[in-house]
Amino acid sequence: MTVLVWLIVTILLAAALLVLWRLVTGPTVLNRTLASDVLVAVIICALGVEAVVRDHSTTLPVLVSLSLVGFVATVAVSRFVAGDSDLGLREAGRPGSDVPEPAEVSGFDEDQGVADDHGGNR
């Protein structure tokens, strides 16, 4: 059992070091966000291993809390970054913008060439 625990600790430590490297050197915000999410997952795994080795369940609320915080933080950063992708729609129609104007559709029948009650188009 001791050899297995040391093997698991070594693997988790290596994973944590690699994730920390990506967290520091990640070129984009999304890389850093993913690295922080994976780091939270590694910490959750380490706490789970500790609970199994010591045969207790007192860390269960901490595990649930960490998983919720990790999920909410990742969703919040993703929504923040996704908000920046709408810049193309806001820049449409500005002078010098390469983004084309969106087509205006009113939804009225006469705009779509639908025949009226008398058989002809309006």
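In this numbering scheme, every chain counts its residues from 1 along its sequence in written order. Owing to the predicted nature of the model, reporting of local features is limited to residues with pLDDT of at least 70; listing and counting of side-chain atom pairs is limited to 80 or more, with chain, interface and lining totals taken over all residues. Note that water and hydrogens are dropped before the side-chain values are worked out from all heavy atoms of the structure.

The protein is annotated in an unreviewed UniProt entry as Sodium:proton antiporter from Arsenicicoccus cauae. UniProt positions are given in the numbering used here, feature names are shortened, and annotations may be inferred rather than shown by experiment. Of the protein, the UniProt comment under Sequence similarities (unreviewed entry) reads exactly: "Belongs to the CPA3 antiporters (TC 2.A.63) subunit F family."

(A) Representation of the UniProt feature "transmembrane region" (unreviewed entry) in the protein within the structure. Under the present numbering, the feature "transmembrane region" (unreviewed entry) in UniProt falls on residues 6-24, 36-53 and 59-82. Helix and strand assignments come from DSSP, with helices taken as H or I runs of at least 4 residues and strands as E runs of at least 2, each series counted from the N terminus. Strand forms 0% of residues 6-24 and helix 100%; the C-alpha atoms that close the span are 27 Å apart. This span, residues 36-53, is 100% helix and 0% strand, and a straight line between its end C-alpha atoms measures 26 Å.

(B) Inspection of the pattern of salt bridges at higher detail. By definition, a salt bridge exists where a carboxyl oxygen of Asp or Glu is found within 4 Å of a side-chain nitrogen of Lys or Arg. This model, assessed by the stated rule, comprises 1 salt bridge. Here E50 makes a salt bridge to R54, at a shortest N to O gap of 3.1 Å. Placement of the pair is E50 and R54 together in helix α2 (residues 29-54), with a separation of 4 residues, close to one helical turn. Per-residue accessibility, obtained with a 1.4 Å probe over protein chains only, is compared with the maximum for each type, and a residue is labelled buried under 20%, exposed over 50%, and partly exposed between these values. For R54, a relative accessible area of 61% puts it in the exposed group.

(C) Representation of unusual backbone geometry. Despite not being glycine, D55 shows a phi value in the positive range, around 60°. In this structure, D55 sits in the loop between α2 and α3 (60-84).

(D) Up close: the environment of V69. Turning to its location among the elements, V69 is positioned in helix α3. Here V69 falls in the exposed class, since its relative accessible area comes to 55%. With 32 residues separating them along the chain, V69 and D37 place their C-alpha atoms 9.6 Å apart.

(E) View of the side chain of T33. Within the secondary structure, T33 sits in helix α2. For T33, a relative accessible area of 11% corresponds to the buried category. Residue contacts follow a heavy-atom distance rule, with two residues in contact if any of their heavy atoms lie within 4.5 Å. Residues contacting T33, with those up to four places away along its chain left out, are T74 and V77.

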